[in-house]
Amino acid sequence: MMMASISVIIPTLDDPLLVQVIQAAATALAEVAAVIDRWEIIVVGRHPQLAALKQQLALGEALRIIETVQPVRPGRARNLGMAAANGDWFFLLDADCVVRPHWAQQFVAHLQTGKQVVGGGILCGGTGFWALAYNLSFFHEFLASQAPGYKRYLPTLNLALRRTVYEQVGDLDEQLPRAEDLQWTIRMALAGYTLYFEPQAAVTHHSRCSSRAAFWQTWRISGYYSRRNRLAFSAYYQTPGLLAYPGLVGLLAPVIALGVTGKVWLKTREVRRHLHVVPAIYLGRVAWCLGASQLSAE
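Not measured: the values here are computed from a predicted model.

So, helix H8 (residues 212-232)
- Taking 1.5 Å per residue, 21 residues should reach 30 Å; H8 reaches 30 Å between its end C-alpha atoms and fits that length.
- Here H8 has its buried residues at Phe-215, Thr-218, Trp-219, Arg-220, Ser-222, Gly-223, Tyr-224, Tyr-225, Ser-226, Arg-227 and Asn-229.
- Tucked inside the fold, the buried residues of H8 contact helix H5 (129-138), helix H7 (180-190), helix H9 (234-237), helix H10 (246-251) and helix H13 (278-292).

Quick notes on the nonpolar core
- Among the nonpolar cores identified, the biggest contains 94 residues, and Ile-41, Phe-91, Leu-93, Trp-103, Leu-161 and Trp-184 are the most heavily contacted of them.
- Looking at this core element by element, the count peaks at 9 residues for helix H1 (residues 18-30).
- Excluding residues within four positions of it along the chain, Trp-103 makes contact with Val-8, Ala-25, Ala-28, Phe-91, Leu-93, Asn-158, Ala-201, Ala-202 and Val-203.

Some points on the side chain of Ser-222
- Note on placement: Ser-222 falls in helix H8.
- By relative accessible area, Ser-222 is classed as buried at 7%.
- In this structure Ser-222 touches Phe-138, Arg-178 and Trp-288, once residues within four positions along its chain are discounted.

Thresholds, definitions, all that
Residues numbered from 1 in each chain as written. Predicted model: local features only at pLDDT ≥ 70, side-chain atom pairs only at ≥ 80, totals over all residues. Heavy atoms only, no water. Helix = DSSP H or I, 4+ residues; strand = E, 2+ residues; numbered from the N terminus. Expected span 1.5 Å × (residues − 1). Buried < 20%, exposed > 50% of the residue type's maximum accessible area, 1.4 Å probe, protein only. Contact = heavy atoms within 4.5 Å. Core = buried A, V, L, I, M, F, W, Y, C linked by side-chain atoms within 4.5 Å.

These figures come from the coordinates and say nothing about function on their own.
Dropping the structure here:
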């Protein structure tokens, strides 16, 4: 079997853990050096340390920097990184995600056996109640404690795919500030690719959500864009007809949120272990419904 090369693409916007994220990724990639041709890490965006990163980390040509003149959304940064990448396989990693041991080994093992798109598991990091609530509410389906298997969509904060998938499906939608990764991986599924979840390819996600206001706002914006995404791919999602009536979604927000929160509680062991977070999960789902009921993002 011909050995493949790997490009790790990390979007950043002043992320305080960027150096640690790069170092951990480089260590994980060194673990698979014997079974791959070469690897590179591409950092895209804005950060006060970008100019000094190469000298500080001493990774030579394996570390590439694409500094943007203006801050850009994560989707745009990922697109720039993938367009510039040399690898046969792309590993997408967020700048607040520190990879765990054997992260690269797990992705490589699945790609070597023919899988095309593989998502990794998420461990809860960050500090405080709202960081935990953010991780458990947004990523409950993709926690490292969940079982491996096929998924209908995957997040891009910890994702591996073959270059050929990107070449067929194309870029992420740069106009979407939320849910662009779900839309992108659904497009992969509709193109015939299966989406596999491997929880042992894990990262610790250090959420910076630190307040109820930030948590509410993130969920509200997510609801606005997610509703449009679910309507655009209604056959794939099997979207309930109710979502076609935004006013009704807003009116029924407390009831809808209660039902969804109950499902999350039943299906997620870590949520049941952190019962004090359940009210926040409910709050987030109410915010989602109210965001979905709005006619504009503002």
